[in-house]
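Tertiary structure, described
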Amino acid sequence: MNVRLLVGATALLGLAACGTPVAGSATPTPVAAAQDVPVAAAVQVPAGQELVGEYQATGVQTYSCQGNAWKGLEPTATLVDKDDRPIIIHSRGPVWISAVDGSAVEAAPVDGAKNDVKGAVPELLLKAKAVRGDGLFGKVTYVQRLATEGGVAPAGGCKAGAQTSVPYKALYTFFAPAK
């Protein structure tokens, strides 16, 4: 995770230079949409967790051609708060890094916790593997990818070594143990 965090931190510095909130600025405001999104049973967060953030993501799912078939390589997305401020970078790992306080969470899909969505990447439940910092992601234990749009690999074959990036959107929700 250290290399991914270094790359993410570099990206965050670029965002900070563009006027994005940095450490010491106001607390990010999550989007207020999760309560309106139906959540499939397969991706429900276990009992004993509380919602600590929900953010809209826009980005790409990148695929590489292996053996004449497209295989997932990595996501790249920016997550925004309800005021449409970019405050989180999402990348390979998958990992989410806060541009507000530098905290990070790396997670892995929970076996069987997937909800297929026609014409979009599936909704997922992910469990934290590692966290960094005491800020936004310091206590995160679960992540949901909900309300997905797009991001599906192209149909058909491909030429070995080729890459393609497909636009996608999703709502990411973050949970920590209930207090």
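Throughout what follows, the structure given in this document is the object of discussion. All figures in this text were calculated on a predicted structure; none of them were measured in a lab.

Of the regular secondary structure elements, the protein chain holds 1 helix and 8 strands. Listing the helices and strands of the protein chain from first to last along the sequence gives α-β-β-β-β-β-β-β-β. Taking all 179 residues of the protein chain together, 41% fall into the buried category. Here the contacts in the protein chain between residues at least 6 apart in sequence split such that 65% fall between residues at least 24 apart. Within the structure as shown, the protein chain displays about 8,900 Å² of accessible surface, and the carbon and sulfur contribution to it stands at 56%.

With that out of the way, let us pick up the pattern of salt bridges. In total, this model carries 4 salt bridges according to the counting rule given. Linking Asp-81 and Arg-85 is a salt bridge whose minimum nitrogen-to-oxygen distance equals 2.5 Å. Judged by its relative accessible area of 2%, Asp-81 falls in the buried class. Linking Lys-129 and Glu-106 is a salt bridge whose minimum nitrogen-to-oxygen distance equals 3.7 Å. One end of the pair, Lys-129, is in strand β6 (residues 120-132); the other, Glu-106, is in strand β5 (residues 104-117), and 23 residues separate them in sequence.

Turning our attention to the state of the cysteines. Within this structure, the stated rule accounts for 1 disulfide. Two residues share a disulfide in this structure: Cys-65 and Cys-158, whose sulfurs sit 2.0 Å from each other. The sign of the 85 degrees torsion about the S-S bond sets the Cys-65-Cys-158 disulfide as right-handed. One end of the pair, Cys-65, is in strand β1 (residues 49-66); the other, Cys-158, is in the loop between β7 (142-150) and β8 (163-177), with 93 residues separating them in the sequence. Of the two residues, Cys-65 and Cys-158, both sit in the buried class.

Quick notes on the rules
- Residues numbered from 1 in each chain as written.
- Predicted model: local features only at pLDDT ≥ 70, side-chain atom pairs only at ≥ 80, totals over all residues.
- Heavy atoms only, no water.
- Helix = DSSP H or I, 4+ residues; strand = E, 2+ residues; numbered from the N terminus.
- Buried < 20%, exposed > 50% of the residue type's maximum accessible area, 1.4 Å probe, protein only.
- Contact = heavy atoms within 4.5 Å.
- Areas by Shrake-Rupley, 256 points an atom, 1.4 Å probe, with all protein chains shown as cover.
- Salt bridge = Lys/Arg side-chain N within 4 Å of Asp/Glu carboxyl O.
- Disulfide = S-S within 2.5 Å.

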